[in-house]
Amino acid sequence: MLNYDVVVVGCGPAGSAAALRAAKAGKKVLAIERGPEPGSKNVSGAMIRKDYVSSVFGDGLPFEREVQRIKLSLYNGDSPVDIEFSPENLVTTGRLKFDKWLSSVAENAGAMVISKTTGLELKWENGTAKSLVTDRGEVTADAFVLAEGVNSLLSMKSGIKKDFTPDTAVQAVKEVYAVKKEDINSMFNLPDESKGLAWRFVMTDPLIAGFLYTYKDSVAVGIGSPIKELVSRKMRPEKVLDDFLDKTGLAKKFEGYSLREYSAKVIPEGGFPSMNPGKGNVYLCGDALGLVDPLTFDGISPAIASGALAGDAAASGLSQDIYHYNLVKDPEISKIVKERPLEGRMLGTDAASGYINMLSSALNSWASGDLLGIGKIISSNFRNVMPDLIEFMTKMR
């Protein structure tokens, strides 16, 4: 039976960060990935903060386009309120290339990465995990990091976490269209193939968070909606996506272009700190902990942050109390911790309608020169909307 100091399950951003940090600490590290290669089980792309990724993994990040513009469309009925601005330090990347690069950095640091290997069961003895049974054999280790994503079968089998419920998860559906570089530039008014657009949408009835990313020669578009709302309305996610494309006019934009990929993913909205980050010598990170920032659509930064901390904890044999403390104190994760109490209220169906209606009315008053009307709108919404906004701004400082 093979023996390692640290075994990492999952080679996404969280798993590769954990393997990298444990290997840098001088530990003998094994990282396993159930897919044919790192990134193969992920949906195709993402927008990431380039400087944060580089702060952990160093230079060489593969990316598609620098995000030149971010556009936000808030729908009040059929008419959107659009806000557009120029961000800094954001790029789009393909997950296959990105995840393969992350794992290669971990390999270069000394970790052994093996694909096409599925973790089946952890064997425990007196509260300590002794070995991991995989479909290719059994390995022992001093510590284990579970970066297995939202479908955390090992974590659930070990009694560390419960399965997600419709109240704590979002169903995301995405399509990727093959589009020529010059067509993308013309379609979204981009100067050249190095510059990109990220577009966010918020709609109500049903509550939808939509997104669009431009890559070199493709465009990804999709939606996320609370599962509990889809179930209560008896709506199929693919139908919600079709309606979204029609309402935004994106369906016409992509007419004649081939569909390269269709994918669906469950995104956890609940999780740490209300759940344990591990047990004994087993440490959870990334989606397995529900670490997705719902207000900035960012799951990769907290995945890398928690993975790095899990790798450090596994290499040093930290207690779960200390690991919990380190997670809470990390800037990337503390944002999510602070958002949890506000998230349910601010992203609830009724509240979302209130925010969008308030902003739409305020901007219309501003455009018509009715500055007094803006004051009336803020005053009339103070009791039901403004307290959430004030609490959010106070806690996010």
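See the structure shown above.
Let me begin by describing the structure that accompanies this report. As the structure is a computational prediction, the values presented were derived from the model and not from experiment.

**What to know about the nonpolar core**
A general tendency of soluble globular proteins is for nonpolar side chains to be buried together. Of all hydrophobic cores here, the largest spans 66 residues; its most connected members are Val 53, Phe 57, Leu 132 and Tyr 323. The element that contributes the greatest number of residues to this core is helix H9 (residues 300-316), accounting for nine residues. Setting aside chain neighbours within four positions, we find Tyr 323 in contact with Pro 277, Tyr 283, Leu 284, Cys 285, Leu 289, Ser 306, Leu 309, Ala 310 and Ala 313. Counting 24 residues, the second-largest nonpolar core is a separate cluster that includes Tyr 75, Ile 184, Leu 197 and Leu 245.

**Quick notes on unusual backbone geometry**
Omega for the peptide link from Phe 272 to Pro 273 comes to 15°, which places this bond in the cis form. Note that Pro 273 resides in the loop between strand E15 (259-268) and strand E16 (278-279). For Asn 89, which is not glycine, the phi torsion reads 70° and is therefore positive. With respect to the helices and strands, Asn 89 occurs in the loop between strand E5 (79-85) and strand E6 (90-94). Look at Asn 89 and you get partly exposed, because its relative accessible area is 31%. The phi dihedral of Asn 126 is positive, around 55°, even though this residue is not glycine. Taking relative accessible area as the criterion, Asn 126 reaches 77% and is therefore assigned exposed.

**Looking at the pairing of strand E4 (residues 65-76)**
Here E4 runs beside E6; their pairing, made up of two bridges, is antiparallel. The residue of E6 that forms the bridge with Arg 65 is Thr 92. Relative to strand E12 (residues 195-203), E4 runs parallel, the two sharing eight bridges. If you follow Ser 73 over to E12, its bridge partner there is Phe 201. As paired strands, E4 and E5 are joined by seven bridges and run antiparallel to one another.

**Looking at H9**
In a regular helix each residue adds 1.5 Å, so 17 residues correspond to 24 Å; H9 covers 24 Å between its end C-alpha atoms and thus fits that length. Burial analysis of H9 places 15 of its 17 residues in the buried class, the great majority of the element. Looking one or two places after H9, you find Gly 317, whose phi comes out positive at around 65°.

**Here's the deal with the side chain of Ser 334**
By the element assignment, Ser 334 lies in helix H11 (residues 331-346). A polar side-chain atom of Ser 334 sits 3.2 Å from the main-chain carbonyl oxygen of Pro 331. Setting aside its immediate chain neighbours within four residues, Ser 334 contacts Leu 327 and Val 328.

**Comments concerning the side chain of Ser 152**
Checked against the element boundaries, Ser 152 lands in the loop between strand E10 (137-146) and helix H4 (153-157). Owing to a relative accessible area of 0%, Ser 152 belongs among the buried residues under this scheme. Engagement of the side chain of Ser 152 in a polar contact is seen with the backbone oxygen of Gly 149, the distance being 2.5 Å. In this view, Ser 152 contacts Lys 161 and Ala 288; residues no more than four positions away in its chain are not counted.

**A short note on the packing of aromatic side chains**
For the structure shown, the criterion picks out six aromatic pairs. Ring centres of Tyr 177 and Phe 254 lie 4.6 Å apart, and the angle between their planes is 10°; on these two criteria the pair is classed as stacked. In this pair, Tyr 177 sits in strand E11 (residues 169-178) while Phe 254 sits in the loop between helix H8 (250-253) and E15, placing the two residues 77 residues apart along the sequence. Summarising the burial analysis for this pair, Tyr 177 and Phe 254 share the class buried. Ring centres 5.0 Å apart and planes at 90° place the aromatic pair Phe 201 and Phe 244 in the edge-to-face group. Here Phe 244 lies in helix H7 (residues 237-248) and Phe 201 lies in strand E12, a separation of 43 residues in the sequence. Take Phe 201: its relative accessible area is 1%, and that puts it in the buried class. Given the relative accessible area of 1%, Phe 244 is considered buried.

**Notes on helix H2 (residues 50-57)**
Taken residue by residue, H2 has Tyr 52, Val 53, Val 56 and Phe 57 as its buried positions. Projected down its long axis, H2 carries its buried residues within an arc of 115°, all on one side.

The rules we used
Residues numbered from 1 in each chain as written. Predicted model: local features only at pLDDT ≥ 70, side-chain atom pairs only at ≥ 80, totals over all residues. Heavy atoms only, no water. Core = buried A, V, L, I, M, F, W, Y, C linked by side-chain atoms within 4.5 Å. Buried < 20%, exposed > 50% of the residue type's maximum accessible area, 1.4 Å probe, protein only. Helix = DSSP H or I, 4+ residues; strand = E, 2+ residues; numbered from the N terminus. Contact = heavy atoms within 4.5 Å. Pairing = 2+ DSSP bridges. Expected span 1.5 Å × (residues − 1). Polar contact = N/O pair within 3.5 Å; in protein donor to acceptor, adjacent residues only side chain to side chain. Phe/Tyr/Trp six-rings, centres within 6.5 Å; stacked < 30°, edge-to-face > 60°. Arc of directions from axis to C-beta.

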